[in-house]
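# Structure assessment
For reference, the chains in residue letters:
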Amino acid sequence: MKRLCILIGGTGSNMCAIVKAIQKGHLDMQCVGVISHRASAKGIEKAQALNVPVEVIDHHAYPTRGAFEQALAQRLEALNPDWIALAGFMRILSPEFIKRFENKILNIHPSLLPKYKGLNTHQRVLDAKDDIHGATVHLVTEELDDGPILGQMQMPVLEDDTPQSLQTRLHDIEHILYVEVLKSLAFEKPDQISA
Ligand code: GRF
């Protein structure tokens, strides 16, 4: 069974959706660890409540990005995941780190990539008067929010939507999408995916 690590830094709702899918038998993977880069992340308690191994590697505790990434990489290598799912992990990873886990790192981004890479995607959708918004799961490569797209899900933008209402509705979409993409990877070997 494929080994999955989930990296979080915030509310952890995507992590919860993935773990619950595993626990209900809908996703044939083993969650071998949840790692938060922030000690105050709300997702930590949620992971504990779900009885999955969770630990903190707080980026504030390291003098440089390199030192933080070294600690994270060593821990990940010990956990030996087939897949590493970023879910609200708010640190930009260096090319060296990405190379070390090449073709294994997935990210969920709150837009229909290649539209709206980076931050504030909901506001940018409203500013552009788009009719459609959505989420993307992609492989992580050196370019920010630019790796091969593994899955997308759309939703309509409503007339009275605000950034907050879009974010709330999109979260529900993300939870379905992330689990569906992971299902498609449950029997894939990372080296069968070409970036
Ligand atoms: C999600 O909106 C995801 O698209 C973005 O960060 C958010 C994480 O939310 N990358 P959560 O921590 O999973 O609730």
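Since we're looking at a predicted model, the values are computed, not measured.

The rules behind each value
- Every chain's residues receive numbers from 1 upward, in the order its sequence appears when written.
- In keeping with the predicted nature of the model, local features appear solely for residues at pLDDT of at least 70, side-chain atom pairs appear and are counted solely at 80 or more, and the whole-chain, interface and lining totals rest on all residues.
- The side-chain values count all of the structure's non-hydrogen atoms but skip hydrogen atoms and water molecules.
- Throughout, near means a residue has at least one heavy atom within 4 Å of the molecule or strand.
- Under the rule applied, a polar contact is a pair of N or O atoms within 3.5 Å (in protein, one hydrogen donor and one hydrogen acceptor; residues adjacent in sequence only if both atoms are side-chain atoms).
- Every accessible area reported is derived by Shrake-Rupley at a probe size of 1.4 Å, with residue values counting cover from the shown protein chains alone.
- In this analysis, the protein atoms alone were mapped onto a 1 Å grid. Cavities are point sets where a 1.4 Å probe fits without being able to get out; pockets are open sets with protein on both sides within 12 Å along at least five of seven lines; lining residues have an atom within 4 Å of a point.
- A pocket or cavity is taken to hold a molecule when more than half of that molecule's atoms are within 2 Å of the pocket's grid points.
- Helix and strand assignments come from DSSP, with helices taken as H or I runs of at least 4 residues and strands as E runs of at least 2, each series counted from the N terminus.
- Exposed residues in this analysis have more than 50% of their type's maximum accessible area, buried residues have under 20%, and partly exposed residues fall in between, with area computed by a 1.4 Å probe over protein chains only.
- The contact criterion used is simple: two residues touch if any of their non-hydrogen atoms lie within 4.5 Å.

## Observations regarding the site of the ligand
Taken together, the residues surrounding the ligand are T11, G12, S13, N14, G88, I108, H109, P110, H171 and E174. N14 is positioned with one of its side-chain polar atoms (N or O) 2.8 Å from an oxygen atom of the ligand. In this structure, E174 approaches the ligand through a side-chain N or O atom, which is 2.5 Å from an oxygen atom. When the ligand is considered free in solution it has 370 Å² of accessible area, and contact with the protein chains removes 85% of it. The cavity where the ligand resides is the largest pocket.

## Points about the environment of S13
The residue S13 is located in helix α1 (residues 13–23) in this model. When its relative accessible area of 19% is taken as the criterion, S13 is described as buried. Spatially, the C-alpha atoms of S13 and A87 are 8.3 Å apart, while their sequence positions differ by 74 residues. In this view, S13 contacts H171 and H175; residues no more than four positions away in its chain are not counted. In this structure the side chain of S13 is engaged in a polar contact, spanning 2.8 Å, whose partner is the side chain of H175.

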